Amino acid sequence: MAIAHFLFGIFGNATALFLFLSPTITFKRIIQNKSTEEFSGIPYVMTLLNCLLAAWYGLPFVSTDNLLVATINGTGSAIEFIYVIIFLIFAPKREKAKIFGLLMFVLAVFALVALVSLLALHENNRKVFCGFGTTIFSIIMYASPLSIMRTVIKTKSVEFMPFFLSLFVFLCGTSWFVYGLLGGDPFVYVPNGFGCGLGTAQLILYFIYRNKKGGTKKPSSTSVEDSLEMGLPKPNQEKKSNTNGSLAQSEHDV
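Everything quoted here is computed from the prediction, not taken from an experiment.

Trainee: How do you make sense of the overall build of the chain when you look at a structure like this?
Mentor: A tally of helices and strands in the chain yields 12 helices and 0 strands. Counting helices and strands in the order they occur from the N terminus, the chain gives α-α-α-α-α-α-α-α-α-α-α-α. Within the chain, the proportion of its 254 residues that are buried is 47%. When contacts within the chain are restricted to residue pairs at least 6 apart in sequence, those whose partners lie at least 24 apart make up 81%.

Dropping the structure here:
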């Protein structure tokens, strides 16, 4: 049982790392263009909060036998923080102020949770307090692709829902769901059970609509790149992507 628990944790680390690294295509584009264009920085800041809380929850003095939860979410925290810094560098002043304010709020929330759990709570109460926070924000993170699923159903096209991204959402949620079950930890298996179900739904939609053209235009490399991230571009990004043909061609080798 312990070996299976460990192996599912390692597999969960690998699949989660893929999800954390998936927005690198978008940030390569941001750096090349020296502009955040119409992308939103909010998903990255909120994912940072989720990773910070999950990493804290996985530490031995908060919950036992969850060190693999701490390692991948500690790594995810560093990756998401780099994304946020890059976004702040290239964002326009108004957007920069909004994202910086949200970042300060996220860091304050994490600091508050950490201090309360350390100074005011002990043992099981500490685990429950941190676990609830982790569960809530993990579900929010997994729910971010719901808008993509709505688009797939509406357009009858999987243009903006790449197969491998959906596959890794499923694999990540499933591996951590099993890891939580084997460890008897509801704060791990509940949110990741939700992620497993959501990944399954995405794969079902993909196989239903994979051969249907729908009402959309042929995907450009830019629109495909926009969909390869956990945080979505703002609604009018699709229109802007279609007008930037030369930019799409320059990024086609990604």
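Trainee: Honestly, the UniProt feature "transmembrane region" (unreviewed entry) in the chain in this entry has me stumped. Any pointers?
Mentor: Within this numbering scheme, the UniProt entry marks residues 6-27, 39-59, 71-90, 102-122, 128-148, 160-182 and 188-209 as carrying the feature "transmembrane region" (unreviewed entry). As annotated, residues 39-59 has a helix share of 81% and a strand share of 0%, and its two end C-alpha atoms lie 33 Å apart. The annotated region residues 128-148 carries 90% helix and 0% strand content, and the separation between its end C-alpha atoms amounts to 32 Å.

Trainee: How should I be thinking about a nonpolar patch on the surface in this particular structure?
Mentor: There is a patch of nonpolar side chains on the surface, built from Ile3, Phe6, Leu7 and Ile10 and spanning about 410 Å² of accessible area. Tracing the backbone shows phenylalanine 6 in helix 1 (residues 2-21). With a relative accessible area of 46%, phenylalanine 6 lands in the partly exposed category.

Trainee: Explain helix 2 (residues 24-33) to me, please; I cannot follow it from the model alone.
Mentor: Because the α-helix completes a turn every 3.6 residues, residues three or four places apart line up on one side. Inspection of helix 2 places Ile25, Thr26, Phe27, Arg29 and Ile30 among the buried residues, and these make up the whole buried set. A positive phi of about 55 degrees marks lysine 34, the residue just after helix 2.

Trainee: When you look at the packing of aromatic side chains in this model, what are you seeing that I'm missing?
Mentor: The geometry of an aromatic ring pair is captured by the separation of the ring centres together with the interplanar angle, meaning the angle of the planes. Applying the stated rule across the entire model yields 13 aromatic pairs. Where phenylalanine 18 meets phenylalanine 168, the ring centres are 4.1 Å apart and the plane angle is 25 degrees; that geometry is what we call stacked. With phenylalanine 18 in helix 1 and phenylalanine 168 in helix 8 (residues 163-183), this pair connects stretches of sequence that are 150 residues apart. Classification of phenylalanine 18 as partly exposed rests on a relative accessible area of 33%. Between phenylalanine 163 and phenylalanine 207, the ring centres sit 6.0 Å apart and the planes meet at 75 degrees, which makes this aromatic pair edge-to-face. Of this pair, phenylalanine 163 sits in helix 8 while phenylalanine 207 is found in helix 9 (residues 186-209), placing the two residues 44 residues apart along the sequence. Given the relative accessible area of 25%, phenylalanine 163 is considered partly exposed. Under the relative-accessibility criterion, phenylalanine 207 is labelled partly exposed at 46%. Members of the aromatic cluster, connected to one another through ring pairs, are Phe163, Phe164, Tyr206 and Phe207.

Trainee: How should the environment of leucine 19 be read in this particular structure?
Mentor: Residue placement: leucine 19 occurs in helix 1. Taking the C-alpha atoms as reference, leucine 19 lies 9.3 Å from glycine 76; in sequence the two are 57 residues apart.

Trainee: What's the story with the packing of helix 5 (residues 93-119) against helix 6 (residues 123-143) in this structure? I'm lost.
Mentor: When two helices pack together, their arrangement is given by the angle between the helix axes and by the axis-to-axis distance. Close contact between helix 5 and helix 6 brings their axes to 9 Å; oriented N to C, the two are set at 165 degrees. Between helix 5 and helix 6, the crossing angle belongs to the class labelled roughly antiparallel. For the element pair helix 5 and helix 6, the recorded crossing hand is right-handed. Here Val113, Val116, Ser117 and Leu118 of helix 5 come into contact with helix 6, specifically with Arg126, Phe129 and Cys130. Here the contact of helix 5 with helix 6 is built from residues that sort into 5 nonpolar, 1 polar and 1 charged.

Trainee: How should the pattern of salt bridges be read in this particular structure?
Mentor: In this structure the tally under the stated criterion is 2 salt bridges. Across the pair arginine 29 and glutamate 37 runs a salt bridge, and its minimum N-O distance is 2.5 Å. Each member of the pair, arginine 29 as well as glutamate 37, is classed as buried. Among the ionic pairs, glutamate 95 bridges to lysine 98, the shortest N-O distance being 3.4 Å. You can see glutamate 95 and its partner lysine 98 sitting in helix 5, 3 residues apart, about one turn around the helix. Given the relative accessible area of 10%, glutamate 95 is considered buried.

Rules used throughout
Residues numbered from 1 in each chain as written. Predicted model: local features only at pLDDT ≥ 70, side-chain atom pairs only at ≥ 80, totals over all residues. Heavy atoms only, no water. Helix = DSSP H or I, 4+ residues; strand = E, 2+ residues; numbered from the N terminus. Buried < 20%, exposed > 50% of the residue type's maximum accessible area, 1.4 Å probe, protein only. Contact = heavy atoms within 4.5 Å. UniProt positions renumbered as here; feature names shortened; annotations may be inferred. Patch = residues over 30% accessible without salt bridge, like charges linked within 9 Å, V, L, I, M, F, W, Y side chains within 5 Å. Areas by Shrake-Rupley, 256 points an atom, 1.4 Å probe, with all protein chains shown as cover. Salt bridge = Lys/Arg side-chain N within 4 Å of Asp/Glu carboxyl O. Phe/Tyr/Trp six-rings, centres within 6.5 Å; stacked < 30°, edge-to-face > 60°. Axes fitted to C-alpha atoms, helices over the stretch in contact; angles between N-to-C directions. Parallel < 35°, antiparallel > 145°, perpendicular 65-115°, else oblique. Left-handed = near helix turned anticlockwise from the far one by under 90°. Nonpolar A, V, L, I, M, F, W, Y, C, P; charged D, E, K, R; others polar.

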